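Tertiary structure, described
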Amino acid sequence: MNASVLSGKFVVLGVTGSIAVYKVVELARRLTQAGATVQVVMTPGATQFVQPLTFQALTYRPVEVEMFGTFDDRAAGHVAMGQQADVVVIAPATAHTLARLANGFADDLIGTTVLASHAPLIIAPAMETHMWANPATQENVETLRDRGATIVEPESGELASGLSGQGRLASLEAIGAAIEDALATSSALAGKRIVVTAGPTLEPIDPVRVISNRSSGKMGYAIAAAALRAGADVRLISGPVALRPPAGVRVVRIETAAELHDAVLAALPGAHAVVMAAAVADYRPAAPAYQKLKKREQGDDVTLTLVRNPDVLQAIVAKRDQGTLVVGFKAETGDAVAEASRMLREKGLDLVVANDVTAKGSEFGSDTDEVTFVSADGVEALPLLSKREVARRLVAKITERLAI
Ligand SMILES: Cc1cc2nc3c(=O)[nH]c(=O)nc-3n(C[C@H](O)[C@H](O)[C@H](O)COP(=O)(O)O)c2cc1C
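So, here's what we can say about the structure. (Residues numbered from 1 in each chain as written. Predicted model: local features only at pLDDT ≥ 70, side-chain atom pairs only at ≥ 80, totals over all residues. Heavy atoms only, no water.)

**Structural notes on empty space enclosed by the protein**
According to the stated counting rule, one finds two cavities of 30 Å³ or more in the structure shown. Of the pockets and cavities examined, the largest cavity occupies roughly 40 Å³. Around the largest cavity sit Leu325, Val327, Asp350, Leu351, Lys397, Ile398 and Arg401, which together line it. Where the lining of the largest cavity is concerned, the elements lending two or more residues are β16 (325-332) and α15 (387-403). (1 Å grid on protein atoms, 1.4 Å probe; cavity = no way out; pocket = protein on both sides within 12 Å on 5 of 7 lines; lining within 4 Å. Points joined across faces, edges and corners; volume = space filled by probe spheres on them. Helix = DSSP H or I, 4+ residues; strand = E, 2+ residues; numbered from the N terminus.)

Rendered as structure tokens:
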């Protein structure tokens, strides 16, 4: 875990009665080793699985369990931890605790701590797969998410019950990353507006069929989240993806390249940087059919005529305010860096992120990328990194450029 982010931070770790408690012992240890003060609060249920002493020995602090216990020098112990917290983490979160938190119950220390806290709330549920899938649990999760909590979704796999399915506590890396994200906010981009595009476009062939591409939107969403953490006012223009935008980002949803073009130009006035991570279709069907094309009418062969879509990058460069940075992405199946250098020159961009989508770890939909930043300053090849880390480095680069 990143000591530069965690050092000196007060982390309240709420532990509830799931079989996954034993995994969180290691989380408490890692957070403490990274320099955080970790205050563990356990439900009585959690203590059935692991003794408070285990957490106490690893965090060097007494564990709180009882609301009506003695609180040394803290007159209002049931709210003090929440008010002191830099982040509140509930891991593992049982179905029962999710229900209590979603309804604002204050009958235990975790409930009062969450209610009294303004700190970011991170919840990592763990439970048997049917309990997780139950609409009651899902509605509670949605309620908490709508209120701004970060839910670190459980993973799929073999569960303690012997069944397989979604419900297993997320990896400690995923929970740790969520904690770091919550703590790593800065004001480096305060007062700056960043426009990010993400995902694929859909070009209709007829009312039910489209031409699209394999973009998952993960890179663009990661960039939006990184810019938000850096304090920017973020506008995310997104094609259809199965991702949840980070809370606090303004989202405009588009489908076609033409809609994306219009949305980006509308967001351009006042933007300090535009990051074009969307995979925009270069071509669209010339004349989409108004009715669904039918086999019996079309025969064995169908010929589609495609026409060029507007070049969004060109339009941005032509219409941008002076000083607005424009960042392009070049996903290629060959020499991505050469293509990116050409794109940089020909389109007058400030930076191009080159990505060979045939390279291992850089495929469409993956959570990692091996990219190269290409700019007038030169070529900077990055190792294989998580998209989150690529996004962080790109936002750092943008911040550097905007400071000049
Ligand atoms: C062996 C065992 C394992 C359990 N594991 C889970 C679990 O992983 N997730 C869950 O939501 N509940 C689990 N439960 C049920 C909870 O412990 C129970 O709902 C309890 O009331 C939760 O209360 P708490 O959230 O206050 O700790 C388990 C119960 C037992 C006996």
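**Overview of the packing of helix α2 (residues 21-33) against helix α3 (residues 52-59)**
Interhelical geometry of α2 versus α3 gives an angle of 15 degrees and a closest axis separation of 9 Å. Overall, the two elements α2 and α3 adopt an arrangement that is roughly parallel. For the pair α2 and α3, the crossing hand works out as right-handed. Between α2 and α3, the contacting residues are Val21, Val24, Val25, Ala28, Arg29 and Thr32 on the first element and Thr54, Phe55, Leu58 and Thr59 on the second. (Axes fitted to C-alpha atoms, helices over the stretch in contact; angles between N-to-C directions. Parallel < 35°, antiparallel > 145°, perpendicular 65-115°, else oblique. Left-handed = near helix turned anticlockwise from the far one by under 90°. Contact = heavy atoms within 4.5 Å.)

**Remarks on the site of the ligand**
If you check the shell around the ligand, you find 14 residues, and the closest are Gly17, Thr43, Thr94, Ala95 and Thr97. A distance of 2.6 Å is found between an oxygen atom of the ligand and a side-chain nitrogen or oxygen belonging to Thr97. Here the shell around the ligand gets four residues from one element, more than from any other, and that element is helix α5 (residues 95-102). When its residues are assigned to classes, the shell around the ligand shows six nonpolar, seven polar and one charged. (Near = heavy atom within 4 Å. Polar contact = N/O pair within 3.5 Å; in protein donor to acceptor, adjacent residues only side chain to side chain. Nonpolar A, V, L, I, M, F, W, Y, C, P; charged D, E, K, R; others polar.)

**Regarding the nonpolar core**
Within the largest apolar cluster, 36 residues are counted, with the highest numbers of intra-cluster contacts made by Leu13, Val15, Phe55, Val89, Ile175 and Ile179. Those elements giving two or more residues to this core turn out to be α1 (3-6), β1 (10-15), α2, β2 (37-42), β3 (87-93), β4 (121-125) and α9 (172-183). Of the residues forming this core, the biggest block, six residues, is contributed by α2. Those residues in contact with Val15 that sit more than four places away from it in its chain are Val21, Val24, Val40, Val41, Met42, Thr43, Ala46, Phe55, Ala91, Pro92 and Ile110. (Core = buried A, V, L, I, M, F, W, Y, C linked by side-chain atoms within 4.5 Å. Buried < 20%, exposed > 50% of the residue type's maximum accessible area, 1.4 Å probe, protein only.)

**Details of helix α6 (residues 109-116)**
Counting buried positions along α6 gives seven out of eight residues, so the element sits mostly inside the fold. Of the positions making up α6, those classed as buried are Leu109, Ile110, Gly111, Thr112, Thr113, Val114 and Ala116.

**Side note on a positive patch on the surface**
Taken together, the side chains of Lys292, Lys294, Lys295 and Arg296 present a region of like positive charge at the surface. What makes Lys295 exposed here is its relative accessible area of 75%. (Patch = residues over 30% accessible without salt bridge, like charges linked within 9 Å, V, L, I, M, F, W, Y side chains within 5 Å. Areas by Shrake-Rupley, 256 points an atom, 1.4 Å probe, with all protein chains shown as cover. Salt bridge = Lys/Arg side-chain N within 4 Å of Asp/Glu carboxyl O. Lys, Arg positive; Asp, Glu negative; His and termini not counted. Charge placed at Lys NZ, Arg CZ, Asp CG, Glu CD.)

**Focus: a nonpolar patch on the surface**
A surface patch of nonpolar side chains, about 350 Å² in accessible area, is lined by Tyr283, Val302, Leu304 and Leu306. The topology assignment puts Val302 in the loop between α12 (295-298) and β15 (306-308). Of the residues examined, Val302 reaches a relative accessible area of 47% and is grouped as partly exposed.

**Concerning the layout of surface pockets**
Here the largest pocket defines a volume of roughly 1,700 Å³. Along its surface, the largest pocket is lined by 39 residues, and Thr150, Ile151, Asp181, Ala225 and Arg244 are the ones closest to its centre. When contributions to the lining of the largest pocket are tallied by element, the ones reaching two or more residues are β4, α8 (135-146), β5 (150-151), α9, α10 (218-229) and α15. For the lining of the largest pocket, the leading source of residues is α10, giving six residues. Of the residues that make up the lining of the largest pocket, three or more belong to each of domain 1 (3-183) and domain 2 (193-403). Lining the second largest pocket are 44 residues, with Ala278, Ala279, Val280, Phe329 and Ala331 positioned closest to its centre. The set of elements that each furnish at least two residues to the lining of the second largest pocket consists of α10, α13 (312-319), β16 and α14 (336-347). Top contributing element to the lining of the second largest pocket by residue count: α14, with five residues. (Domains from an automatic or database assignment.)

**Focus: the sheet that holds β16**
Here we have eight strands laid out as an open sheet, ordered β12-β11-β8-β13-β16-β17-β19-β20, and mixed in their pairing. Across the chains shown, the open sheet's two edge strands, defined by having one partner strand only, are β12 (250-253) and β20 (378-381). Averaged over all pairs of adjacent strands, the angle between strand axes in this sheet comes to 15 degrees, irrespective of strand direction. Bridge count between β16 and strand β17 (residues 351-356): six bridges; the pairing is parallel. If you follow Lys330 over to β17, its bridge partner there is Ala354. (Pairing = 2+ DSSP bridges.)

**A look at the side chain of Thr32**
With respect to the helices and strands, the residue Thr32 is situated in helix α2. The exposure class assigned to Thr32 is buried, which follows from its relative accessible area of 14%. Filtering out sequence-adjacent residues up to four positions away, Thr32 remains in contact with Val38, Leu58, Thr59 and Tyr60.

**Structural notes on the pattern of salt bridges**
Following the criterion strictly, the structure yields 23 salt bridges and no others. Here Glu339 and Arg342 are joined by a salt bridge, their closest N and O atoms 2.8 Å apart. With Glu339 and Arg342 both in helix α14, this residue pair falls three residues apart, about one helical turn. On the basis of relative accessible area, Glu339 is assigned to the partly exposed category, the value being 26%. Residue Arg342 is classed as partly exposed on the basis of its relative accessible area of 36%.

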